[in-house]
Amino acid sequence: MLVSGPDSLVAAADLGGGLSMYADRREVWRRTDLDLDAKTRDAARVTDMAFDLDGETLVVVGSHGVVALDAKTGETKWARKRRWIFGFLSDLPLTVCAGPDSDYVVAWSSGRVERMDSKGLKKRHWIDNSAPESMVYVESLGILCGADGYSVRSWDASVWPPVEQASLVGRWVKVVAVPGTECFVARRLDAVFCLDVRTLDVLWSMPGPVAHPAMAVSPDGALVAWVGPSAVFVHDVADGKLVHSISPRSRPLSVAGDADGWFLGLADGSLEFSER
């Protein structure tokens, strides 16, 4: 998994539970100790990551629970262990995004969606039968958008719990925000769509083969890249037209954008860089 942040920062989580931070395409720190619980460390995994708006903090969710790291040093700022239901059923966090007023929004597998402050203290929560598995918050509009595998929805997050504004039924699996616009890109199992944040009106759509749902938008919001079965496809956000494709040396699993181009996470465990 790859997630980009401000100032050419890119966080990379591997399938073995390791986490690395890159700045200007150079590794600056690495951690492998997020999940040391004897019950889960052999299957440790990261499910999502999000930077704060300043790029100073990286919040990582997964089998370990929720942890906030200093983006420059990798040191732990605060941590919350995973939750338990009835004392023995694990409630794992599925996704995280930066939220209103420098808060964070975390969705859990039980359907609980929490709003936490910058110190990890829970402020409010709501229960949803289908908690989002991928979320974005559009700060300029105060709107939260999310996909849960069965629908994509938008909420007015100026109140809490947020008020649902629109929804579309389908096998929606991933959403990414587009900086400086009132749209976001959402991936269904059979296609990619650009949607209006408020109404979920389709601005354009692009059919594509079923593959890993990873997507990323360039820092300037001009391009969107998504992973196909053997290549990464880069499209213009404005109209969805194909700009070019990238064929890496191994099957791509993830993608992230920086000012110079794209980070590709490959199935052989390596990273590959592609110029824009």
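Scroll up to find the structure.
Not measured: the values here are computed from a predicted model.

**Q** Can you walk me through the packing of aromatic side chains in this structure?
**A** Two aromatic rings, taken as a pair, are described by how far apart their centres are and by the angle between their planes. In the structure shown here, the tally under the stated rule is five aromatic pairs. With 5.5 Å between their ring centres and 75° between their planes, Trp126 and Trp160 make a pair best called edge-to-face. Pair noted here: Trp126 is in strand 14 (residues 122–127) and Trp160 is in the loop between strand 17 (151–156) and strand 18 (163–169), with a separation of 34 residues, a long-range link. Assigned by exposure class, Trp126 and Trp160 land together as buried.

**Q** It is not clear to me how the pairing of strand 14 should be interpreted in this structure. Could you clarify?
**A** Across five bridges, strand 13 (residues 112–116) lies against strand 14 in antiparallel orientation. Along strand 14, the bridge assignment pairs Arg112 with Ile127. Counting the residues in the hairpin turn of strand 13 and strand 14 gives five residues, including Gly120, whose phi is positive at 85°.

**Q** It is not clear to me how the sheet that holds strand 20 (residues 183–188) should be interpreted in this structure. Could you clarify?
**A** Note: strands within a sheet are paired through backbone hydrogen bonds, in either parallel or antiparallel orientation. Spatially, the four strands line up as an open sheet ordered 19-20-21-22, and their pairing is antiparallel. Two strands lie at the open edges of the sheet, namely strand 19 (172–177) and strand 22 (202–207), each paired on one side alone. Neighbouring strand axes in the sheet, compared pairwise and without regard to direction, differ in orientation by 20° on average. Where strand 19 meets strand 20, five bridges bridge the pair, whose relative direction is antiparallel. Within the sheet, the bridge partner assigned to Lys174 lies in strand 20 and is Arg187.

**Q** Is there a simple way to think about the pattern of salt bridges in this case?
**A** Any two side chains of opposite charge can pair if their charged atoms end up close together. Evaluated as defined, the whole model comprises 15 salt bridges. Of the charged contacts in the structure, one is a salt bridge between Glu182 and Arg198, with a shortest N-O distance of 2.9 Å. Note that Glu182 is positioned in the loop between strand 19 and strand 20 and Arg198 in the loop between strand 21 (191–196) and strand 22, a separation of 16 residues in sequence. Note on Glu182: relative accessible area 42%, which makes it partly exposed. Connected through shared salt-bridge partners, Asp101, Asp103, Arg115 and Lys123 make up one network.

**Q** Can you help me understand the layout of surface pockets in this one?
**A** In this approach a probe as big as a water molecule rolls over the atoms, and the regions it shows empty are the leftover space. The volume enclosed by the second largest pocket comes to roughly 260 Å³. Residue lining of the second largest pocket: 15 residues in total, with Leu34, Asp35, Leu36, His64 and Lys81 positioned closest to the centre. Sorting the residues of the lining of the second largest pocket by element identifies strand 7 (65–70) and strand 8 (76–81) as the ones contributing at least two each. For the lining of the second largest pocket, the leading source of residues is strand 8, giving four residues. Classifying every residue of the lining of the second largest pocket gives six nonpolar, two polar and seven charged.

About the criteria used
- Residue positions are given per chain, counting from 1 as you read along its sequence in written order.
- Local features in this predicted model are restricted to residues whose pLDDT is 70 or higher, and side-chain atom pairs enter the listing and the counts only when it is 80 or higher, whereas totals over whole chains, interfaces and linings include all residues.
- Hydrogens and water molecules were not included; the side-chain quantities draw on all heavy atoms of the structure.
- Any two rings among Phe, Tyr and Trp, with Trp reduced to its six-membered ring, count as a pair given centres within 6.5 Å; such a pair is stacked if its planes are under 30 degrees apart, edge-to-face if over 60, and tilted if neither.
- Labels follow the DSSP assignment, with helices taken as runs of H or I lasting at least four residues and strands as runs of E lasting at least two, numbered in each case from the N terminus.
- Relative accessibility under 20% of the residue-type maximum defines a buried residue, over 50% an exposed one, and the middle range a partly exposed one, all with a 1.4 Å probe and only protein chains included.
- We treat two strands as partners when DSSP finds at least two bridges between them.
- Axis lines are fitted to C-alpha atoms, over the contacting stretch for helices. Their N-to-C directions set the angle, which ranges from 0 to 180 degrees.
- We define a salt bridge as a side-chain nitrogen of Lys or Arg found within 4 Å of a carboxyl oxygen belonging to Asp or Glu.
- The definitions used throughout rest on a 1 Å grid laid over the protein atoms alone, on which a cavity is an enclosed set of points accommodating a 1.4 Å probe that cannot get out and a pocket is an open set flanked by protein within 12 Å on both sides along at least five of seven lines; lining residues are those having an atom within 4 Å of a point.
- Grid points are joined across faces, edges and corners, and a volume is the space filled by probe spheres set on the points.
- Basically, the charged four are Asp, Glu, Lys and Arg, the nonpolar ten are Ala, Val, Leu, Ile, Met, Phe, Trp, Tyr, Cys and Pro, and anything else, Gly included, counts as polar.

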